[in-house]
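Survey of secondary and tertiary structure
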Amino acid sequence: MRFKEALADGKKSETIVLKIIKEKYSSAFIRDGYSKEYDIAIPEIDKTIEVKKDFKSQVTGNIVIETYMNNHPSGISTTEANYWVIHPHPRFIYWIKPETIKNMILIEGFKQVEFIGEGDTKSKRAYLIPKDYVELYAQKKQDISNYL
């Protein structure tokens, strides 16, 4: 999948998450433009959300938690979000705090790998976290069927 296609696909996930958040916090919004710090802001509670879509995990069994892209910090290294919402399956999302992701990586001893992702031209470094661990450590698993 090319970068522009992946970006558009990720925006669909952001829109779904925003619908869920707006049920409780009507002022929530998707941040305009590219932002590696977070995707969605919730002014009422001064919180931010990063949305990560990874449907390829259905094939690989792993969620990609990026740390560097093109030798620059990215992903979990640069996030300022209070929560990450990981969208690995068309019907489910996982709510997880970045600190929880970092603790999971340390506790479970996951190692970074370097690779060039599909549609990328530059290498990235990331942790490949088995989906079962994300589900185990997540604060919440949510069925999003009603929001599709």
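Rules and cut-offs
- Within every chain, residues take consecutive numbers counted from 1 along the sequence as written.
- Given that the model is predicted, a residue must reach a pLDDT of at least 70 before its local features are reported, and side-chain atom pairs must reach 80 or more before they are shown or counted; all residues, however, enter totals for whole chains, interfaces and linings.
- Side-chain metrics in this entry use all non-hydrogen atoms of the structure; hydrogen atoms and water are not considered.
- Only DSSP runs of H or I reaching four residues or more are called helices, and only runs of E reaching two or more are called strands; each is numbered from the N terminus.
- Computation of the radius of gyration draws on C-alpha atoms alone. For the globule rule, the value is 2.2 Å times the number of residues to the power 0.38.
- Only protein chains enter the accessibility calculation, which uses a 1.4 Å probe; a residue whose area is less than 20% of its type maximum is buried, one above 50% is exposed, and one in between is partly exposed.
- Any two residues whose heavy atoms approach within 4.5 Å at even a single point are treated as in contact.
- Only the protein chains shown count as cover for residues, and all accessible areas are computed by the Shrake-Rupley method using a 1.4 Å probe.
- For the purpose of charge, His is not counted, nor are the chain termini; Lys and Arg are scored as positive and Asp and Glu as negative.
- Working definition for charges: the position is that of NZ of Lys, CZ of Arg, CG of Asp or CD of Glu.
- Any Lys or Arg side-chain nitrogen located within 4 Å of an Asp or Glu carboxyl oxygen qualifies as a salt bridge.
- Within 6.5 Å between ring centres, the rings of Phe, Tyr and Trp (the latter by its six-membered ring) count as paired, and their orientation is classed by plane angle as stacked under 30 degrees, edge-to-face over 60, tilted in between.
- Working definition of a nonpolar core: buried Ala, Val, Leu, Ile, Met, Phe, Trp, Tyr and Cys residues. They are joined through side-chain atoms within 4.5 Å.
- A strand pair is defined by DSSP finding two or more bridges across the two strands.

1. With respect to the overall build of the protein chain
In terms of regular secondary structure, the protein chain is built from four helices and 10 strands. For the protein chain, the succession of helices and strands along the chain, N to C, is α-β-β-β-α-β-β-β-β-α-β-β-α-β. Relative to the globule expectation of 15 Å for 148 residues, the C-alpha radius of gyration of the protein chain, 15 Å, shows essentially globular dimensions. Here the C-alpha coordinates of the protein chain stretch approximately 40 × 30 × 25 Å along the principal axes. Counting the 148 residues in the protein chain, one finds 40% classified as buried. In the protein chain, once contacts between residues fewer than 6 apart in sequence are set aside, the share between residues at least 24 apart is 56%. Accessible area of the protein chain: about 8,600 Å², with a carbon and sulfur share of 51%. Taking the average location of the 23 positive side-chain charges in the protein chain and that of its 21 negative ones, the two points are 1 Å from each other.

2. Quick notes on the pattern of salt bridges
Within the structure shown, the criterion is met by eight salt bridges. The partner of Lys11 in a salt bridge is Glu14, with the nearest N and O atoms 3.3 Å apart. Placement of the pair is Lys11 and Glu14 together in helix H1 (residues 3-22), with a separation of three residues, close to one helical turn. Assessed through its relative accessible area of 7%, Glu14 is described here as buried. Where Asp120 meets Lys124, a salt bridge forms, and the shortest distance between an N and an O atom there is 3.4 Å. One salt-bridge network, held together by shared partners, links Glu66, Asp120 and Lys124.

3. Things to note about the packing of aromatic side chains
Per the counting criterion, the structure on display carries two aromatic pairs. With a centroid separation of 6.5 Å and 75 degrees between ring planes, the pair formed by Tyr83 and Trp95 is classed as edge-to-face. Here the residue Tyr83 occupies a position in strand S6 (residues 83-89), and Trp95 occupies one in strand S7 (residues 92-96), the gap between them amounting to 12 residues. Tyr83 sits in the partly exposed class, given a relative accessible area of 26%. On the basis of relative accessibility, which here comes to 12%, the residue Trp95 falls in the buried class.

4. Topic: the nonpolar core
If you look at the biggest cluster of nonpolar residues, it comprises 19 residues, and the most contacted ones within it are Ile65, Trp84, Ile96, Ile101 and Ile129. Among the elements of the structure, strand S4 (62-69), S6, S7, helix H3 (98-108), strand S9 (124-130) and helix H4 (131-137) are those that each provide at least two residues to this core. The leading source of residues in this core is H3, at three residues. Setting aside residues up to four positions removed in sequence, Ile65 forms contacts with Ile76, Trp84, Ile86, Ile101, Ala126, Tyr127 and Ile129. Ile16, Leu18, Ile42 and Val85 belong to the second largest nonpolar core, which has 16 residues in total.

5. Some remarks on the pairing of S4
Two strands pair when backbone bridges link them, and S4 and S9 are joined in this way by seven bridges, in the antiparallel orientation. When the sheet's bridge partners are listed, Tyr68 is paired in S9 with Arg125. Summarising the sheet, S4 and strand S5 (residues 72-73) pair through two bridges and their orientation is antiparallel. Paired with Met69 across the strands is His72, a residue of S5. The hairpin formed by S4 and S5 contains two residues between the paired strands, and Asn70 there has a positive phi angle of roughly 55 degrees.

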